[in-house]
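Understanding the architecture of this molecule
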Amino acid sequence: MDRLPKTLKVGGLKYKVNSTQKAAKALLDGHDAWGLTDRTKQTVTIDNDLLPDNARRVWLHELMHLAATPCGLDKEWGDQEENYVARLSYALHQVFNDNPAAVKFLCPTN
């Protein structure tokens with residue numbers, strides 16, 4: 001897997017990013033998952049067995065969980081949050097992969 005950023009800052013809060021083998025599955029009491037966001041502990045965990053492209057998609061998925069919080073979407077979506085985040089993360093990951101110039105425009109380096 002490509003090197004993950006060590007931290008994410010979302011809504012003024014800094015989250016530590018971890019990459020560990022099967023950690024998310026253990027944290028979810030046996031439910032299979034490739035990533036996990038813990039808003040209380042301010043951590044994001046990504047399974048390090050993932051191939052780079054899938055790791056980026058899972059990272060985006062977890063980032064979207066965090067981005068939903070400051071604007072209240074996590075509360076508005078309720079028990080549908082996982083469904084919405086999963087669908088949006090697949091779509092955005094594809095858009096970003098297919099349009100690198102758009103990503104560069106959104107994230108200038110200077």
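You'll find the structure just up there.
Residues numbered from 1 in each chain as written. Predicted model: local features only at pLDDT ≥ 70, side-chain atom pairs only at ≥ 80, totals over all residues. Heavy atoms only, no water.

Before going further, it helps to examine the overall build of the chain. Check the secondary structure of the chain and you find 5 helices and 4 strands. Helices (α) and strands (β) of the chain occur, in sequence order from the N terminus, as β-β-α-β-β-α-α-α-α. Residues classed as buried in the chain amount to 30% of the 110 residues present. When the accessible surface of the chain is totalled, it reaches about 7,400 Å², and 56% of it is carbon and sulfur. (Helix = DSSP H or I, 4+ residues; strand = E, 2+ residues; numbered from the N terminus. Buried < 20%, exposed > 50% of the residue type's maximum accessible area, 1.4 Å probe, protein only. Areas by Shrake-Rupley, 256 points an atom, 1.4 Å probe, with all protein chains shown as cover.)

Taken as a whole and judged by the stated rule, the model has 3 salt bridges. With its nearest N and O atoms 2.6 Å apart, the salt bridge here joins Arg39 to Glu81. Here Arg39, found in the loop between strand E3 (35-38) and strand E4 (43-47), pairs with Glu81, found in helix H4 (residues 81-98); they are 42 residues apart in sequence, far enough to count as distant. With relative accessibility at 9%, the residue Glu81 sits in the buried group. Put simply, Asp53 and Arg56 hold a salt bridge, and the shortest N to O gap is 3.6 Å. Residue Asp53 and its partner Arg56 are both found in helix H2 (residues 52-68); the two are separated by 3 residues, about one turn of the helix. (Salt bridge = Lys/Arg side-chain N within 4 Å of Asp/Glu carboxyl O.)

With that out of the way, let us pick up H4. In an α-helix, one turn spans 3.6 residues, which is why side chains three or four residues apart end up on the same side. The end-to-end C-alpha separation of H4 is 26 Å, in line with the 26 Å expected for 18 residues at 1.5 Å each. For H4, the set of buried residues is Glu81, Val85, Ser89 and His93. Buried residues in H4, looked at end-on, bunch into an arc of 80°, giving them a common side. (Expected span 1.5 Å × (residues − 1). Arc of directions from axis to C-beta.)

Judged by nonpolar contacts, Leu4, Leu8, Val10, Tyr15, Val17, Val44, Ile46, Leu50, Ala55, Val58 and Leu66 together constitute the single largest core of 11 residues. Taken together, the elements giving at least two residues each to this core come down to strand E1 (7-10), strand E2 (13-20), E4 and H2. Within the second largest apolar cluster, 5 residues are counted, among which are Leu60, Met64, Trp77 and Val85. (Core = buried A, V, L, I, M, F, W, Y, C linked by side-chain atoms within 4.5 Å.)

Inspection of the secondary structure assignment puts Leu13 in strand E2. Sequence spacing of Leu13 and Pro70 is 57 residues, and the spatial spacing of their C-alpha atoms is 9.8 Å. Residue contacts for Leu13: discarding those within four places in its chain leaves Leu8 and Gln42. (Contact = heavy atoms within 4.5 Å.)

Our next topic: the pairing of E3. Both E3 and E4 contribute to a ladder of 4 bridges, which runs antiparallel. Within the sheet, the bridge partner assigned to Asp38 lies in E4 and is Thr43. Between E3 and the antiparallel strand that follows it, E4, lie 4 residues; Gln42 among them carries a positive phi value of about 55°. (Pairing = 2+ DSSP bridges.)

Taken together, the side chains of Leu92, Val95, Phe96, Phe105 and Leu106 define a hydrophobic patch exposed on the protein surface, amounting to about 500 Å² of accessible area. Per-element accounting of the nonpolar patch gives the leading share, 3 residues, to H4. By the element assignment, Val95 lies in helix H4. (Patch = residues over 30% accessible without salt bridge, like charges linked within 9 Å, V, L, I, M, F, W, Y side chains within 5 Å.)

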